[in-house]
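Residue strings, one per chain:
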Amino acid sequence: MNELAITVIGRDRPGIVADVAEVLALLGANLTDSTMTRLRGHFAMTLICTGPAAAEVEAALAPLAAEGQLLATVRAVTPDGEVAPVGEPYVMAVHGSDRMGIVAAMTRVLVDAGGNVTDLSTRLAGSLYVVLAEVELPAGVADTLTDRLHRTAAELGVEVTLRPADPDLL
Amino acid sequence: MTGERSGPDGGRSVGTYVGLGDWTPESLAVPGEVRAVVSAPHPVLSRAGGEVDPTAEETVRLAADLVATMRVSPGCVGLAAPQVGVGARVFAVDVTGHPKAVTVHGTFVLCNARVVEATRWRPGREGCMSVPDLTGDVKRASRLVVEGEVPGSGDRVRLVTDGFEARALQHEIDHCDGLLFLDRVAGAHAVYQRKVYL
């Protein structure tokens, strides 16, 4: 079974999801994990699907891209299965004045502690920049990591908190 | 804190309390002035506020100003001193008439407040006058006991509350600790662009 990583991005308009999903459905491509969201007026889709060959999907998406409004990429990937979690789930929240390099510096601190970012979003609201990251951390590193995050945040002039993710299941 | 009013007034009841008595903002006996509300990013919002003398004249004036500013701000159910640029442990709360409120203590101001019991944690959406463009999902205790002092007399009060008033109190006490709701959001996708401005 072919596994494909597909990205589609373009100026937001009604119908992007329907157009792309229709193309994939007609080819017999099965959508598995995906995120589809609007980012400051652009619509971005990142998805994994199984079924047809990459070239076939690329050709089928070409007419959408040809209108100049959407950029689509298709790449065959190796199905690796689920990645085992490296440890405990945490949420890192960062906020402060927007400046260059906040995500780079803060995520580098996470990586250096053996952390694995599993989900991250950023928002710019006026001059306020917000980073929210879900990260898996090896057992026992949270306290020293919190100190390191505070030091890096202080250098950047932003605030940071690191909390265990809510483990509640409903 | 700001709440999104979307329905008719919910049922209200008077909560159990010790010491708040018949305190009202009028007890302060000074007219409050509306102060400018500061927005994040601003350093005063990220610093823990200092303890205050609840009987000091400046504390009484600050309390009256917080009430006055809260009252002219649409949808505002609570306002803490750091939000008007003052690094002090003082805040005003009034959830009267809010559809999600159960126990309601009316308008009150607390100094040096701290949470002494917090149970029954529930998720909920919060906004904040100091983060005007975003809202977020935050888990808060829905049963809460808070101790503090009222401005003016300095009487110690112990407030037992629940639901939306409990959420508002925790949000304001967080402000006094230099925390925003952004510091407590549940996950990477738990912050939202505000759709309705009150």
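Please read all numbers here as calculations on a predicted model, not as lab measurements.

Caption draft 1: Layout of the overall build of chain A. Of the regular secondary structure elements, chain A holds four helices and eight strands. Scanning chain A from its N terminus toward the C terminus, one meets helices and strands in the order β-α-β-β-α-β-β-α-β-β-α-β. Seen along its three principal axes, the alpha-carbon backbone of chain A occupies a region of about 50 × 40 × 30 Å. Every one of the 170 residues in chain A was classed for burial, and the buried ones make up 24%. Counted over contacts in chain A with a minimum sequence separation of 6, partners at least 24 positions apart contribute 67%.

Caption draft 2: Seen up close, the UniProt feature "active site" (unreviewed entry) in chain B. This chain's UniProt record puts "active site" (unreviewed entry) on Glu172 of chain B. Apart from the residues within four sequence positions on either side, Glu172 of chain B is in contact with Met1, Gly78, Ala80, Phe91 and Val93 of chain B.

Caption draft 3: Here's a closer look at the interface of chain B and chain A. Across the contact, 17 residues belong to chain B and 21 residues belong to chain A. In terms of residue count, strand E5 (residues 131-149) of chain B provides more of the side of chain B that touches chain A than any other element does, four residues in total. Counted by class, the side of chain B that touches chain A contains 11 nonpolar, three polar and three charged residues.

Caption draft 4: How the structure looks around the sheet that holds strand E2 (residues 30-39) of chain A. All names here are of chain A. Judged by pairing direction, the sheet is antiparallel, and its four strands sit side by side in the order E2-E3-E1-E4 without closing on themselves. Looking along the sheet, the strands with just one partner apiece sit at the ends: E2 and strand E4 (70-77). For this sheet, the mean angle separating the axes of adjacent strands, direction not counted, is 10 degrees. This element, helix H2 (residues 54-66), spans strand E1 (2-11) and E4 of the sheet and lies at about 175 degrees to E4.

Caption draft 5: Highlighting the domain arrangement of chain A. Under the domain assignment used here, chain A contains domain 1 (2-77) and domain 2 (88-164). Here the C-alpha centroids of domain 1 of chain A and domain 2 of chain A sit 31 Å apart.

Caption draft 6: Local environment of the nonpolar core. Met92 and Leu132 of chain A together with Ala63, Leu66, Phe91 and Val109 of chain B are the most contacted members of the largest nonpolar core, which has 78 residues in total. Of the residues forming this core, the biggest block, eight residues, is contributed by strand E7 (residues 128-137) of chain A. With residues near it in sequence (within four places) discarded, Ala63 of chain B still touches Leu28, Val90, Ala92, Val109 and Pro151 of chain B. Judged by nonpolar contacts, the second largest core, of 13 residues, contains Leu24, Ala29, Val57 and Val74 of chain A.

Caption draft 7: Inspection of the sheet that holds strand E8 (residues 158-164) of chain A at higher detail. Residues and elements named next belong to chain A. The antiparallel open sheet is built from four strands, whose spatial order is E6-E7-E5-E8. Lying at the two open borders of the sheet, with one neighbouring strand each, are strand E6 (116-125) and E8. Adjacent strand axes in the sheet meet at a mean angle of 15 degrees, parallel and antiparallel pairs treated alike. Here strand E5 (residues 88-97) runs beside E7; their pairing, made up of 10 bridges, is antiparallel. Residue pairing for E7: His95 is matched across the bridge by Val130. The strands touched by helix H3 (residues 102-112) are E5, E6, E7 and E8; relative to E7, the strand with the most contacts, the crossing angle is about 20 degrees. Set on the sheet, helix H4 (residues 142-156) makes contact with E5, E7 and E8; between it and E8 the angle comes to about 165 degrees.

Caption draft 8: Layout of the packing of H3 of chain A against H4 of chain A. Residues and elements named next belong to chain A. H4 packs onto H3 with a crossing angle of 165 degrees between their chain directions and a minimal axis gap of 9 Å. In terms of their interaxial angle, H3 and H4 are classed as roughly antiparallel. Note that H3 runs across H4; the crossing there is right-handed. Residues Ile102, Ala105, Met106 and Val109 of H3 touch H4, and the partners they reach there are Arg148, Leu149, Thr152 and Leu156. Among the residues making up the contact of H3 with H4, the classes are represented as six nonpolar, one polar and one charged.

Caption draft 9: Region of interest: the pairing of strand E4 (residues 108-128) of chain B. All names here are of chain B. Across four bridges, the pairing between strand E3 (residues 90-93) and E4 is antiparallel. In the sheet register, Phe91 faces E4, and the bridge partner there is Leu110. By the bridge criterion, 13 bridges tie E4 to E5 in an arrangement that is antiparallel. Of the residues in E5, the one forming a bridge with Glu117 is Val145.

Caption draft 10: Region of interest: the UniProt feature "binding site: Fe cation" (unreviewed entry) in chain B. Residue and element names in this part refer to chain B. Within the UniProt annotation, "binding site: Fe cation" (unreviewed entry) is assigned to Cys128, His171 and His175. Spatially, the listed residues are clustered: although they cover 48 residues, their C-alpha atoms lie within 10.3 Å of one another. Here Cys128 is to be found in strand E4. The exposure class assigned to Cys128 is buried, which follows from the 27 C-beta atoms found within 10 Å. Those residues in contact with Cys128 that lie beyond four places of it in its chain are Met1, Thr2, Leu180 and Phe181. Tracing the sequence through the fold places His175 in helix H2 (residues 163-176). Residue His175 is classed as buried on the basis of its 26 C-beta neighbours within 10 Å. The contact partners of His175, leaving out residues within four places of it in the chain, are Ala80, Pro82, Gln83 and Phe91.

About the cut-offs
All residue numbers refer to position in the chain's written sequence, counted from 1. Whichever chain is written first is A, and whichever ligand is written first is 1; the rest continue in order. At least 70 in pLDDT is required for a residue's local features to be given in this predicted model, at least 80 for side-chain atom pairs to be given and counted, and no such filter applies to totals for whole chains, interfaces and linings, which use all residues. We count a stretch as a helix when DSSP gives it H or I for four or more residues in a row; a strand needs E for two or more, and each element gets its number in order from the N terminus. Burial in this document is a count-based property: other C-beta atoms within 10 Å of a residue's C-beta are tallied, and the residue is buried at 20 or more, exposed at 12 or fewer, or partly exposed in between, with C-beta positions derived from the backbone. Each residue is represented by a C-beta atom placed from its backbone, and any two residues with such atoms within 7 Å are regarded as in contact. UniProt positions are given in the numbering used here, feature names are shortened, and annotations may be inferred rather than shown by experiment. Charged means Asp, Glu, Lys or Arg here, nonpolar means Ala, Val, Leu, Ile, Met, Phe, Trp, Tyr, Cys or Pro, and polar covers whatever is left, Gly included. Paired strands, in this sense, are two strands between which DSSP finds at least two bridges. Axis definition: a line fitted to C-alpha atoms, limited for helices to the stretch in contact. Angles are taken between N-to-C directions and run from 0 to 180 degrees. Throughout, the edges of the domains are those of an automatic or database domain assignment. By our criterion, buried Ala, Val, Leu, Ile, Met, Phe, Trp, Tyr and Cys residues that link up through C-beta atoms within 7 Å make up a nonpolar core. Should an angle fall under 35 degrees it is taken as roughly parallel, and over 145 as roughly antiparallel, whereas 65 to 115 is taken as roughly perpendicular and any remaining angle as oblique. Two helices crossing with the near one rotated counterclockwise from the far one by less than a right angle form a left-handed crossing, whereas a clockwise rotation gives a right-handed crossing.

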